[in-house]
Amino acid sequence: MIYLKTELENGKSVEVDVYGDEFYCKCPICGKEVHLDNEMIKHCVTEDDFSGISFYCEGCAKKRATTLGFCEFQQENINILTAVFEKVGSKSLRSELYIALDTYNQLIYNCLSDLEDSEKE
Ligand SMILES: [Zn+2]
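Residues numbered from 1 in each chain as written. Predicted model: local features only at pLDDT ≥ 70, side-chain atom pairs only at ≥ 80, totals over all residues. Heavy atoms only, no water.

For the rest of this paragraph, the subject is the overall build of the chain. Broken down by element type, the chain carries 3 helices and 4 strands. Its helices and strands in sequence order give the chain the pattern β-β-β-β-α-α-α, from N to C terminus. A globule of 121 residues ought to have a C-alpha radius of gyration of about 14 Å, yet the chain, at 23 Å, is considerably larger. When the 121 residues of the chain are sorted by exposure, 18% land in the buried category. For the chain, the accessible surface area stands at approximately 9,500 Å², while carbon and sulfur atoms represent 55% of it. Charged side chains of the chain number 12 positive and 23 negative; the gap between the two group centres comes to 5 Å. (Helix = DSSP H or I, 4+ residues; strand = E, 2+ residues; numbered from the N terminus. Rg over C-alpha atoms; globule rule 2.2 N^0.38 Å. Buried < 20%, exposed > 50% of the residue type's maximum accessible area, 1.4 Å probe, protein only. Areas by Shrake-Rupley, 256 points an atom, 1.4 Å probe, with all protein chains shown as cover. Lys, Arg positive; Asp, Glu negative; His and termini not counted. Charge placed at Lys NZ, Arg CZ, Asp CG, Glu CD.)

In structure tokens:
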């Protein structure tokens with residue numbers, strides 16, 4: 001039997017028997033309780049430090065996947081535009097285009113990170 005042993009504020013120690021289906025964490029974005037399944041527990045065992053582990057709830061995981069998917073999509077667009085800009089003959093026009101792309105890209109990433117922050121609140 002595996003048990004959790006922890007010391008309370010009053011100095012007394014408590015031992016709690018643990019079963020495989022009794023592990024939970026809080027979603028780092030919305031704070032919702034996440035019940036850890038076998039795969040999640042296996043993942044925890046392979047990590048050196050328990051304190052850094054957390055799992056997203058289903059809703060936040062979905063939103064995050066959408067954001068990451070969009071970032072990949074955006075990166076592909078940037079690669080295409082960069083390749084196109086390289087073909088522009090005028091050096092000054094080319095550098096203006098790069099600056100415009102960079103600004104545009106920065107705005108999108110700012111917007112995405114604001115969105116992520118607002119979901120944490
Ligand atoms: Zn969540």
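Okay, the domain arrangement of the chain next. Domain annotation of the chain identifies domain 1 (3–52) and domain 2 (61–120). Computed from C-alpha atoms alone, the centre-to-centre distance between domain 1 and domain 2 is 39 Å. (Domains from an automatic or database assignment.)

Moving on to the coordination of the zinc ion. Listed as protein donors to the zinc ion are Cys27 (SG), Cys30 (SG), Cys57 (SG) and Cys60 (SG); their distances from the metal cover 2.3 Å. Written as a sequence motif, the donor arrangement for the zinc ion is C-x2-C-x26-C-x2-C. On the basis of relative accessibility, which here comes to 7%, the residue Cys57 falls in the buried class. (Donors = N, O, S within 2.8 Å, 3.2 Å for Na, K, Ca; no water.)

Right, let's get into the pattern of salt bridges. One side chain can pair with another of opposite charge once the charged atoms of both are near each other. Applying the stated rule across the entire model yields 1 salt bridge. Measuring nitrogen to oxygen at the nearest pair gives 3.3 Å for the salt bridge that ties Glu39 to Lys42. Remark: Lys42 and Glu39 occur in helix H1 (residues 38–46); sequence separation between them is 3 residues, near one turn of the helix. On the basis of relative accessible area, Glu39 is assigned to the exposed category, the value being 54%. Relative accessible area serves as the criterion here: at 51%, Lys42 is assigned to the exposed category. (Salt bridge = Lys/Arg side-chain N within 4 Å of Asp/Glu carboxyl O.)

This part takes up the pairing of strand S2 (residues 13–17). In this sheet, S2 lies alongside strand S1 (residues 3–7) in antiparallel orientation, the contact comprising 5 bridges. Bridge pairing links Tyr3 to Asp17 in S2. If you look at the hairpin formed by S1 and S2, you'll find 5 residues sitting between the two strands, and Gly11 has a positive phi there, around 90°. (Pairing = 2+ DSSP bridges.)

Relative to the helices and strands, Gln74 is located in helix H2 (residues 58–86). Taking the relative accessible area as the measure of exposure, Gln74 reaches 1% and is therefore buried. Not counting chain neighbours up to four residues away, the residues in contact with Gln74 comprise Tyr104, Asn105, Ile108 and Tyr109. (Contact = heavy atoms within 4.5 Å.)

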